[in-house]
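For reference, the chains in residue letters:
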Amino acid sequence: MPAERAGYTVHMFVVDVSKSMGEPRTIHLPPDPNGEQSTKTITNLEWALQYVKLKIQGLIYDARKTDKCGVIIFGAEETRNIVNSKHGGYDNVVEYIPIATPNAGTIAKLDKLKPSTVYGDPVDGLIVATETQAQELKSKPTWTRKITLLTDGQNIIELEEWEATAGKLSALKVSLAVIGVDFDSDDPEYEYQEPNKSNVKLQNEKFWHDFVEKVDDAHIGTLGRAMVDVSEPTTKETKSTLSATVLRLGDVDTRADEAIELLVKTAKCTAVARPKSFKKFGVRMKEGTKDQEEVTINADGTRNITYAQLKTRTDYVLNQEGDEDEDEGEDGEKPKSPVKKEEVDADGDVNMEEEEEGEKDRRVTKEDLLRGFRYGTAYVPCPPDGQFPRLPTKKGIDILGFFDAKKFRRELSMGEVYYVWGDDKSPQQQCAISSIVQAMTRKEVMAIARWVNKDDSDAKMGVLTPIQFDNVDCLLWSQMPFADDVRKYNFASLENLVSKKGEVLAEHPYLPTNEQCKAMENFVEAMDLMKAEKDPETGKYELEWFSTQESYSPALHRVKQAMFHCAVVNDLATNPLDPPHPLLLRYFNPPKKVLKRSRDALEDCITKFKVKEVVRQPKRARKQEHVHAANDEDEELLLDRKPSTSITQEASVQQVRNAQEPSKDGDGSETEAESDGEDLLLDKAPPPKKPFNPLPTPGRSVSPRTHSRSQSDLQDSSIDPQRDPGRVIGRTNPLEDFKKTVASTAVYIKAVQDMGDVITEIVVAPFASRRTAELKECLKEMRRTALGEDEIETWNRFLKDLKDKCLNSRPGNKEFWSEVQGMGQKGGLITSSEAKKFGGSSDVSEDVALEFLN
Amino acid sequence: MAPYDDWNRVEDEDDEELQDASSFEAKKDVILFCIDCCPSMLELREDPDDEDAPKKCHLYAALDAAMQIQKKKIITGPNDSAGILLYNTTKSSENKKGQGSEIKPNLYLYQPIGPLDVAKIQDIRALLDAAKEDPEELRRMFPPLEDKRVPMGDVFTSCNWVIRDGAPKTASKRVFLISNQDQPHLTNSQQLITSARTTLTDLMQAGVTVEPFFINAEEEQFDLNKFYSHVLMQNAFAEDEDEEKDPSVLPESISIARIGDLLSQMRFHEVPKRAQFSIPFELGAGLTIGVKGYGLVTEQKKGGYKYFTDLGDRIEAVVSKTVYLDQELEGEMDRSNVFYGMSVGSQEEKTEDITGSVRPVLAGQRPFYTADEVRSFRTLGLEPGIKLLGFKDRSTLAFEDNVKHSLFIYPDELSYSGSKRTFTALLKTLIKQDKIALVLALTRRNSSPLFCALLPQEEKADDAGWMEPSGFHLITLPFADDIRAATVQEGYRAPTSLEEAAYAWITKLSLKGSGYQPDSYPNPALAYHNAQLEASAFQEEFDEEDFEDLTEPNVDMIHKRAGKLMKDWKLALLDDESSNMVSVVSAGSKRKADVSVDETEIRSRHEAGTLAKYTNEQLKAFLKSKGLSVSGKKADLLARIGDWLDDH
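Residues numbered from 1 in each chain as written. Chains lettered and ligands numbered in written order. Predicted model: local features only at pLDDT ≥ 70, side-chain atom pairs only at ≥ 80, totals over all residues. Heavy atoms only, no water.

Chain B is annotated in an unreviewed UniProt entry as ATP-dependent DNA helicase II subunit 1 from Tetrapyrgos nigripes. Per UniProt, the comment on chain B under Sequence similarities (unreviewed entry) is "Belongs to the ku70 family." (UniProt positions renumbered as here; feature names shortened; annotations may be inferred.)

Taking an unreviewed UniProt entry as the reference, chain A is identified by name as ATP-dependent DNA helicase II subunit 2 belonging to Tetrapyrgos nigripes.

The following block contains the structure:
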């Protein structure tokens with residue numbers, strides 16, 4: 001981590017708005033939910049501004065008051081800047097956004113920039129930016145100065161005395177970045193050469209390279225590359241604040257001569273960084289209505305709707321239906337008890353709905369509330385300050401004793417870790433802690449300690465472990481559980497199985513055999529990560545793969561990226577969010593090399609362990625009352641798969657299926673091949689009481705079979721209802737599954753085999769003709785992979801089998817086979833000469849292959 | 001006891017990360033204590049641990065345990081219910097209506113199932129107090145059935161009826177069966193066994209689990225094979241009803257313990273075992289097993305207060321509900337129409353046409369995300385599951401790589417057959433090779449992917465008769481974003497002589513036992529709070545003198561063992577050159593006049609009563625050096641220093 005001080009920075013952006021910046025360019029948009037690639041035309045200026053906006057968003061996100069920025073534009077129609085007002089000259093340069101801490105208004109203002117009809121001199125812009133910045137920082141010499149210049153290099157540059165400007169930048173210790181639109185780049189990671197580059201631009205690019213040479217701290221790059229960099233995840237550096245406390249051992253009050261009391265400073269060592277929360281918005285409705293959007297008509301006749309930020313209000317509601325409600329509360333839908341309906345009916349039926357609403361939501365004003373604790377059915381009034389008197393405690397960390405570090409149970413560690421140093425202002429105290437740390441290290445012990453944050457606050461238990469850094473010795477603290485915090489659940493022994501005769505079993509399907517254990521051992525060895533990362537210096541694989549220091553929180557950075565994105569675009573449908581930065585997904589899959597290395601061991605495990613996904617057999621309806629009970633037990637469904645709930649569970653799967661299929665192939669008839677008696681029976685099962693609710697209840701995640709439709713279009717929805725257990729390819733989207741499997745893992749044989757099986761199954765199933773085109777694509781892809789990854793044998797075997805199934809089985813699919821014949825070599829057997837080209841082998845000659853297709 | 005705002009948390013899309021096991025425990029738990037009253041249960045016996053104690057019968061111990069469990073649950077789960085059913089007694093139910101009206105003969109419903117309640121606990125307490133006075137009291141209250149026994153089938157049927165009448169449908173329902181009879185019938189008839197088996201099946205089908213607590217006699221071991229194995233084996237009465245369908249294997253939870261351990265055995269079962277998630281664990285492409293996750297370590301917090309309203313005749317709890325409002329127009333917004341985005345900024349320039357909190361867009365455009373989109377940002381489109389990344393040495397799992405409590409992973413044979421053998425093979429291998437697994441885990445649909453270490457746990461019995469289960473601990477690793485750099489980079493280091501002196505007392509103070517034992521440290525703040533709550537509910541005085549904080553250090557022992565050595569070390573420290581060193585002023589801070597004051601000097605002035613001669617700066621510098629507060633006026637500072645000097 002760089003030692004640069006966070007904040008205390010003025011960042012100037014110098015943006016070229018000359019006429020040439022209005023030139024259009026085509027950029028590729030990330031695929032939309034249907035996987036459609038699309039492009040969009042924007043101006044170079046818009047592209048450059050996107051970079052500036054992302055940079056400024058970063059500043060807004062970190063929310064440091066001392067991170068300021070300003071925007072200077074050159075090539076503007078008018079002139080307005082401090083150098084001009086003092087000395088004249090410096091035309092077409094405008095101080096567009098004065099230096100300030102940025103906010104969303106800054107972004108909005110940038111959006112208004114349009115290319116001008118004139119040209120401006122970038123060096124003028126640079127000088128104005130330097131002056132404006134210097135003015136601002138006159139009395140703050142320690143602040144960091146940054147200037148970023150964005151230009152397309154099509155301007156005429158006054159080449160006089162540019163060395164003086166460069167010297168000035170160095171003298172002021174400005175860190176300069178020159179970012180050019182379509183500048184050439186020989187960066188090995190981003191090579192770029194602009195075709196048909198104009199002479200002016202060629203000259204200017206050369207000039208900027210010379211310029212950057214002359215400035216102490218400067219670099220130059222092309223905008224495309226910079227856009228990649230700017231979306232790279234960065235961690236917000238936080239230095240933990242030190243808090244003072246004392247470390248005690250013994251009785252400091254009455255036996256002070258012996259007791260130890262040391263002044264220490266503590267600070268956080270780990271602290272979970274959470275993404276900022278999104279603000280909530282809603283479409284503003286016409287006053288007094290609930291469903292009519294408020295619309296304003298613009299001057300040009302377009303219509304505007306308004307999104308208003310929402311605030312929350314907490315209502316206190318008296319629960320009329322007793323505590324039954326509490327179980328339902330989670331999804332906000334209260335059951336309507338029959339009793340109440342009666343009441344309402346008796347009142348007269350007109351406004352039944354509203355009556356109920358009123359009954360249900362009897363709001364209580366906050367002033368009328370009492371505070372108290374529940375004690376079973378009783379109410380225990382709460383003392384006025386919200387809690388009972390606290391147990392008196394004394395601030396500090398008390399050591400209770402030491403124990404063998406080998407006895408430390410890592411899994412009990414409960415929370416964030418803290419550093420404990422000797423007082424940073426007192427060498428004596430540092431020395432004292434150091435002696436303890438050294439002694440504990442030598443003796444290999446940890447300390448049990450009780451931590452009280454301030455007088456009379458609740459005590460925590462934990463352990464202190466010694467740690468020696470390069471230049472300082474200190475302790476680390478981690479909180480450990482109290483007796484109350486530990487759950488003791490019974491679990492059946494995994495290895496010690498007792499038969500009903502009371503004998504210990506040596507063989508049982510639950511117990512792995514020696515052979516299986518051996519297979520697992522091989523797998524574990526093959527998947528070892530200790531030497532899986534290439535050492536950049538030696539080029540050998542001898543470094544550990546994965547380090548916490550380099551693992552960015554995917555959720556945090558993805559949310560951040562999404563927040564930036566929605567703040568800079570006006571419509572998400574036409575400007576979808578870019579995919580996550582590759583760095584975020586860096587550790588999402590085992591390293592390729594390891595996968596390859598473990599391929600055989602994994603295959604062996606798959607064959608030996610024979611794990612099968614259990615397809616739940618729906619229980620036939622028992623008695624009516626049970627079915628009814630099942631409906632009430634939505635919550636149970638989430639966690640324990642009780643037999644009594646499996647009906648609802650399966651039913652909702654069915655529902656999802658029904659909802660998905662039509663969108664895919666018109667009438668959903670594809671599923672017919674799948675449907676057996678069980679499924680038909682399910683259709684008649686009572687539907688779940690509640691409509692399918694996309695709101696995530698925690699437990700819903702439990703069962704992969706009840707995933708909601710909204711999830712199914714996500715990139716990695718790994719659950720395909722049409723995927724058989726043990727297979728990596730499903731019938732719903734075989735091509736995609738196949739590509740994904742091949743890309744993410746190296747288990748080609750499995751992928752090719754499964755693909756073959758799936759294709760064969762689809763071909764002979766009813767309505768296969770609808771998918772002919774898709775299947776042909778599958779065949780092509782499968783053949784390509786088989787050829788490249790030496791699964792030639794598998795392909796040839798599959799193809800022979802397919803031919804046989806198409807022509808000789810009933811009903812077969814002769815039409816499809818003629819389609820395959822039409823594909824020619826692309827759909828034929830792989831011949832020996834073809835295989836040789838790819839380093840493989842085949843026993844099929846050209847003649848045989850030809851014969852096979854006819 | 002969840003704080004009043006816990007519910008909002010479940011609904012609030014932003015805070016799922018914070019969500020913990022608490023929401024899973026919102027589910028109600030119903031326990032029916034079903035206690036045998038046969039003559040042997042009522043026989044007075046000596047306390048095996050304390051010969052001087054008055055003789056008590058097993059029924060006394062069982063009722064006492066039932067009361068203790070209720071007292072504990074009334075705080076941790078005020079919505080839970082309990083009841084007590086006695087069998088093999090001639091006492092008959094008087095009430096002819098409502099719960100228990102149709103139970104079989106020779107069973108007595110002492111307490112119908114109902115919400116936990118102070119009055120009910122007081123009832124049992126009064127009964128137990130009376131029994132303490134007169135050991136025959138229980139025999140009078142519940143006369144045992146002398147010459148015959150109630151068939152177990154009748155017992156199970158009655159349990160079923162009682163629970164059907166009294167327990168809410170959605171609750172988890174359990175029967176705690178307490179008996180010392182390994183042969184509950186006087187004759188060994190196949191018919192009785194069959195009927196017990198069938199009725200137990202019925203009970204289980206109604207969603208009720210039976211957890212037996214059998215009392216072991218000193219002289220004769222409780223023999224499961226006499227009767228219960230034939231009944232229970234068939235019915236797999238594990239808490240997870242989906243487990244152990246295999247009849248050849250003994251179910252996991254039959255407690256057979258001495259009478260003295262009855263309560264502690266029940267404590268293990270106090271909270272019903274509940275999985276937090278059940279997800280696939282992918283070891284590699286094509287090899288996926290099922291696992292369930294449990295929270296074995298979760299911070300138990302004091303319950304927060306709730307809001308109530310006085311309805312005149314009774315006090316009722318109110319619940320809080322959050323509604324979304326348009327900031328200006330105050331119109332309520334339906335939850336499903338809420339979109340998510342960035343704040344449009346608050347410090348808008350006046351000239352901008354975007355005002356504070358609204359964003360006008362062209363009709364048909366949408367600059368904000370839907371709830372689903374926001375969720376997909378958090379999950380990165382992953383489905384819940386654990387994915388193996390590879391294996392590392394056990395030693396790579398550092399002490400400081402921790403941010404939250406661990407979870408426990410156990411195989412789930414019912415979602416993938418073969419999970420158990422695969423899981424066990426993996427576990428054995430990792431233990432053997434001293435390895436951990438690195439995994440990517442998304443445990444719930446609304447959480448975020450995390451990198452975790454799987455730490456293998458071997459099965460181990462501890463002294464208290466508790467079996468540490470085998471499985472994996474899922475330990476969440478910090479991300480780069482969660483790791484803070486050390487604030488202090490340099491410090492003075494101790495010379496070897498001083499280290500030797502510290503080594504001496506550390507050796508004396510090293511505990512022989514087995515590391516940190518959570519059981520030795522009940523949370524004092526929580527206990528203090530609960531004791532006051534209980535006293536208040538029972539309208540008793542709370543006596544803080546009676547309260548013992550077991551987490552305080554045993555200072556007497558410390559001084560006795562190592563006092564002398566600690567003193568030696570302190571003297572050595574004073575002799576060390578570091579004691580005379582002036583602290584290095586950290587760079588960047590403004591230079592100030594030297595305000596440092598010497599402790600001995602300040603002490604002598606204090607004794608002379610001339611402390612006030614120091615400037616405020618000097619007083620503050622001293623306070624700061626002692627880690628004390630520097631706020632307040634000069635008088636406050638003087639008082640604070642005075643206090644400190646008096647204390648030390």
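Q: Honestly, unusual backbone geometry in this entry has me stumped. Any pointers?
A: Backbone geometry follows two general trends: most residues other than glycine have a negative phi, and most peptide bonds adopt the trans configuration. Residue and element names in this part refer to chain A. Residues other than glycine seldom take positive phi values, yet Asp-182 does so here, at roughly 55°. Looking at Asp-182, the relative accessible area reads 11%, which means it is buried. Positive phi, close to 50°, is recorded for Lys-610, a residue that is not glycine. Along the chain, the position of Lys-610 falls in the loop between α15 (599-609) and β26 (612-613). With a relative accessible area of 52%, Lys-610 lands in the exposed category. (Buried < 20%, exposed > 50% of the residue type's maximum accessible area, 1.4 Å probe, protein only. Helix = DSSP H or I, 4+ residues; strand = E, 2+ residues; numbered from the N terminus.)

Q: For this particular structure, what's the right way to read the state of the cysteines?
A: By definition, a disulfide links the sulfur atoms of two cysteines through a covalent bond. Residues and elements named next belong to chain A. For the structure on display, the rule yields 0 disulfides over all chains. For Cys-269, which is in no disulfide, the shortest distance to another cysteine sulfur is to Cys-474 and amounts to 8.3 Å. Note on Cys-269: relative accessible area 5%, which makes it buried. (Disulfide = S-S within 2.5 Å.)

Q: Which parts of the structure should I look at to understand the sheet that holds strand β21 (residues 445-452) of chain A?
A: Neighbouring strands of a sheet are bound in pairs by backbone hydrogen bonds; such pairs are parallel or else antiparallel. All names here are of chain A. The 7 strands lie next to each other as β11-β12-β20-β23-β22-β21-β19, forming a closed barrel whose pairing is mixed. The average angle at which neighbouring strand axes cross in this sheet is 40°, direction not considered. Here strand β11 (residues 243-249) pairs with strand β19 (residues 396-404) via 2 bridges, running parallel. Residue pairing in the sheet places Arg-248 in a bridge with Asp-398 of β19. (Pairing = 2+ DSSP bridges. Axes fitted to C-alpha atoms, helices over the stretch in contact; angles between N-to-C directions.)

Q: Help me out: how do you make sense of the interface of chain B and chain A in this one?
A: One widely used convention gives an interface's size as the accessible area the parts lose upon coming together. Taken together, the 280 residues of chain B in the interface contact 266 residues of chain A. For the pairing of chain B and chain A, the buried interface totals around 25300 Å² over both sides, and the portion due to carbon and sulfur atoms is 60%. Linking chain B with chain A are 13 salt bridges, by the criterion used here. When the shortest N-O distance is used, the salt bridge between Asp-473 of chain A and Arg-493 of chain B registers 2.6 Å. At the boundary of chain B with chain A, the tally comes to 76 residue pairs in polar contact (both at pLDDT 80 or more). Sorting elements by how many residues they give to the side of chain B that touches chain A places helix α11 (residues 419-433) of chain B first, with 13 residues. The residue makeup of the side of chain B that touches chain A, split by class, is 128 nonpolar, 73 polar and 79 charged. Of the strand pairs in this sheet, strand β15 (residues 303-318) of chain A and strand β10 (residues 315-326) of chain B are connected by 9 bridges, and their pairing is antiparallel. Paired with Lys-311 of chain A across the strands is Leu-325 of chain B, a residue of β10 of chain B. (Contact = heavy atoms within 4.5 Å. Buried area = accessible area lost by both parts, 1.4 Å probe. Salt bridge = Lys/Arg side-chain N within 4 Å of Asp/Glu carboxyl O. Polar contact = N/O pair within 3.5 Å; in protein donor to acceptor, adjacent residues only side chain to side chain. Nonpolar A, V, L, I, M, F, W, Y, C, P; charged D, E, K, R; others polar.)

Q: Could you clarify how one ought to interpret the pattern of salt bridges in this entry?
A: All names here are of chain A. As enumerated under the stated definition, the model contains 64 salt bridges over all chains in all. Taking the shortest distance from any N to any O, the salt bridge between Lys-425 and Asp-424 comes out at 3.8 Å. Among the residues examined, Asp-424 registers a relative accessible area of 24% and is labelled partly exposed. A single salt-bridge network, built from bridges that share partners, covers Asp-184, Glu-194, Lys-197, Lys-201 and Glu-205.

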